[in-house]
Amino acid sequence: MNTQDQLQATIELLVQKGKGILAADESSPTIAKRFDAIGVESTEEQRRRYRSLILETPNLSDYISGIILFEETLGQQTDDGTPLPELASRQGVVPGIKVDKGKGSLANAPGDEITRGLDGLEQRLEGYQAQGARFAKWRNVYHISDRTPSRLAVEANAEMLARYAAICQAQGIVPIVEPEVLMDGEHDIERCAEVSEAVLHELFHALHRHRVVLEHALLKPNMVTPGKAHANRADPDEVAQQTVRILRRTVPAALPSINFLSGGQSPEEATANLNAMNCLAPQPWELSFSYGRALQQPALQAWGGKPEQVAAAQAALYQRAQLNGAARRGEYVSSMESAGS
Ligand code: 13P
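Residues numbered from 1 in each chain as written. Predicted model: local features only at pLDDT ≥ 70, side-chain atom pairs only at ≥ 80, totals over all residues. Heavy atoms only, no water.

## Digging into the nonpolar core
1) Next: Counting residues in each nonpolar core, the largest one holds 96 residues, and the members touching the most others are Tyr164 and Leu219.
2) Next: With near-sequence residues (within four places) excluded, Tyr164 lies in contact with Val99, Leu118, Leu121, Ala136, Lys137, Trp138, Pro175, Ile176 and Val177.
3) Next: Ranked by size, the runner-up nonpolar core spans 11 residues in total, among them Ile11, Ile21, Val94 and Leu218. (Core = buried A, V, L, I, M, F, W, Y, C linked by side-chain atoms within 4.5 Å. Buried < 20%, exposed > 50% of the residue type's maximum accessible area, 1.4 Å probe, protein only. Contact = heavy atoms within 4.5 Å.)

Structural data, given as structure tokens:
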């Protein structure tokens, strides 16, 4: 298969009605935080057990089309010796890989950050592909404050995401570009909308400059919400209106799907907000999910590191996936939470 056909085939598998992507690509420090919250020590063996549990969830592909893994997970195996990426494929879930190397401060831009990992990316992608990865994810973050993000940060981050995406496509790997405007802060929803619109505008300009084929890429943005420390929460209708408005202004119709991150929203909020967006008029792209915390939190809590709790954790993950599958179709109602369906 040539590279274009390979990219198209992966897009068709990832973008399916009623399905979304599971982000299980927490870096070692992040998974340690998640494990800490449930009293589990983050050893390589515990991480292997937990990620095996996720991938062995019966019928995972009913609502999950792809899973983003961390580098370590790509090389791990189940108890019976099946490589975890192979298990994903057998389950009908496309394995992907987080390829950025985390963030650090951006020189000459106080308070802003930039993501590392472009050097040697081509070679790393070859290795990941040999291990079964068919798509990739790269995350850049933007902090909202009175002074940030600066113009410099918006431009430098867009350039980096575009270069990453171009390198992936040359290799036949579908890139997920993730520009995350963080929820931290006291700002109101209008400020989040203004920053998110500027970030996306710059990003698509850069993707065009780097000749990224939008038909073969996915966008993973934040939803437009007030900051976590703002006095008021926004209801799902307001989040949906504000988010879709800026997406319509900035994201070309050629892009097949927008898969939101959850970014610290509760599982219920993330589902209700996605549902509200899918209840608006039809959009040029699919509106889906690529949640980490909002899909995994209940499963992590149910598991608690106990082997006898594996089935309960899998049931919790399946339920969250199912509810988000309903939100993909605009058919979610909050009473489904207690009904367990
Ligand atoms: P959250 O949904 O927990 O924000 O994670 C998504 C993700 O992949 C962040 O890079």
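Now that the structure has been shown, the text picks up again.
## A short note on the site of the ligand
1) Next: If you check the shell around the ligand, you find 13 residues, and the closest are Lys137, Lys220, Ser262, Gly263 and Arg293.
2) Next: Lys220 is positioned with one of its side-chain polar atoms (N or O) 2.7 Å from an oxygen atom of the ligand.
3) Next: In the environment of the ligand, an oxygen atom lies 2.7 Å from a nitrogen or oxygen atom belonging to the side chain of Arg293.
4) Next: When the free accessible area of the ligand is taken as 300 Å², the share hidden by the protein chains comes to 90%.
5) Next: When atom positions are compared with the pocket grids, the ligand is found to occupy the largest pocket.
6) Next: Elements that contribute at least two residues to the shell around the ligand include exactly β6 (135-142) and β10 (286-291).
7) Next: A class-by-class count of the residues in the shell around the ligand yields 3 nonpolar, 4 polar and 6 charged. (Near = heavy atom within 4 Å. Polar contact = N/O pair within 3.5 Å; in protein donor to acceptor, adjacent residues only side chain to side chain. Areas by Shrake-Rupley, 256 points an atom, 1.4 Å probe, with all protein chains shown as cover. 1 Å grid on protein atoms, 1.4 Å probe; cavity = no way out; pocket = protein on both sides within 12 Å on 5 of 7 lines; lining within 4 Å. Sits in = over half its atoms within 2 Å of the grid points. Helix = DSSP H or I, 4+ residues; strand = E, 2+ residues; numbered from the N terminus. Nonpolar A, V, L, I, M, F, W, Y, C, P; charged D, E, K, R; others polar.)

## Focus on the layout of surface pockets
1) Next: In this model, the largest pocket occupies a volume close to 710 Å³.
2) Next: Lining the largest pocket are 29 residues, and of these Thr30, Arg34, Arg139, Glu180 and Arg293 sit closest to its centre.
3) Next: Going through the elements one at a time, α2 (28-37), β6, β7 (174-181) and β10 are the ones with two or more residues in the lining of the largest pocket.
4) Next: Residue composition of the lining of the largest pocket, grouped by class: 6 nonpolar, 8 polar and 15 charged. (Points joined across faces, edges and corners; volume = space filled by probe spheres on them.)

## A word on helix α11 (residues 293-303)
1) Next: Regarding α11, the residues found buried are Ala294, Leu295, Gln296, Ala299, Leu300 and Trp303.
2) Next: Just downstream of α11, Gly304 is the residue with a positive phi angle, here 60°.

## Regarding the pattern of salt bridges
1) Next: Applying the stated criterion across every chain yields a total of 24 salt bridges.
2) Next: In this structure, Arg90 engages Glu86 in a salt bridge whose closest nitrogen and oxygen atoms are separated by 2.8 Å. Here the residue Arg90 and the residue Glu86 both occupy positions in helix α5 (residues 84-90), the gap between them amounting to 4 residues, near one helical turn. (Salt bridge = Lys/Arg side-chain N within 4 Å of Asp/Glu carboxyl O.)

## Examining the pairing of β6
1) Next: Most of β6 sits out of view: 7 of its 8 residues are buried.
2) Next: For β6 and β7, the ladder comprises 8 bridges, and the chain directions are parallel. Residue Ala136 lies in a different strand from β7, and its bridge partner there is Pro175.
3) Next: With helix α7 (residues 151-170) bridging β6 and the parallel β7, this β-α-β connection has right-handed handedness. (Pairing = 2+ DSSP bridges. Right-handed = clockwise from strand over helix to strand, strands pointing away.)

## Description of the side chain of Lys19
1) Next: Mapped onto the secondary structure, Lys19 falls in the loop between α1 (3-14) and β1 (20-24).
2) Next: Summary of buried charges: Lys19 has no salt-bridge partner, and the nearest side chain of opposite charge, Asp62, is 6.6 Å away.
3) Next: Sequence-distant contacts of Lys19, defined by excluding residues within four places in its chain, comprise Ser61, Asp62, Tyr63, Ile64, Ser65, Ser288, Phe289 and Arg328. (Lys, Arg positive; Asp, Glu negative; His and termini not counted.)

## Concerning the environment of Gln171
1) Next: Positionally, Gln171 belongs in the loop between α7 and β7.
2) Next: A relative accessible area of 17% means that Gln171 is categorised as buried.
3) Next: Between the C-alpha atom of Gln171 and that of Ala253, which follows or precedes it by 82 residues, the distance is 24 Å.
4) Next: Sequence-distant contacts of Gln171, defined by excluding residues within four places in its chain, comprise Thr3, Gln6, Glu122, Leu125, Glu126 and Gln129.

## Side note on the side chain of Arg48
1) Next: Take Arg48: it is sitting in helix α3 (residues 44-55).
2) Next: For Arg48, the side chain forms a polar contact with the main-chain oxygen of Gln77, separated by 2.9 Å.
3) Next: Setting aside anything within four residues of it in sequence, one finds Arg48 in contact with Gln76, Gln77, Thr78 and Asp79.

Geometry only, nothing functional implied.
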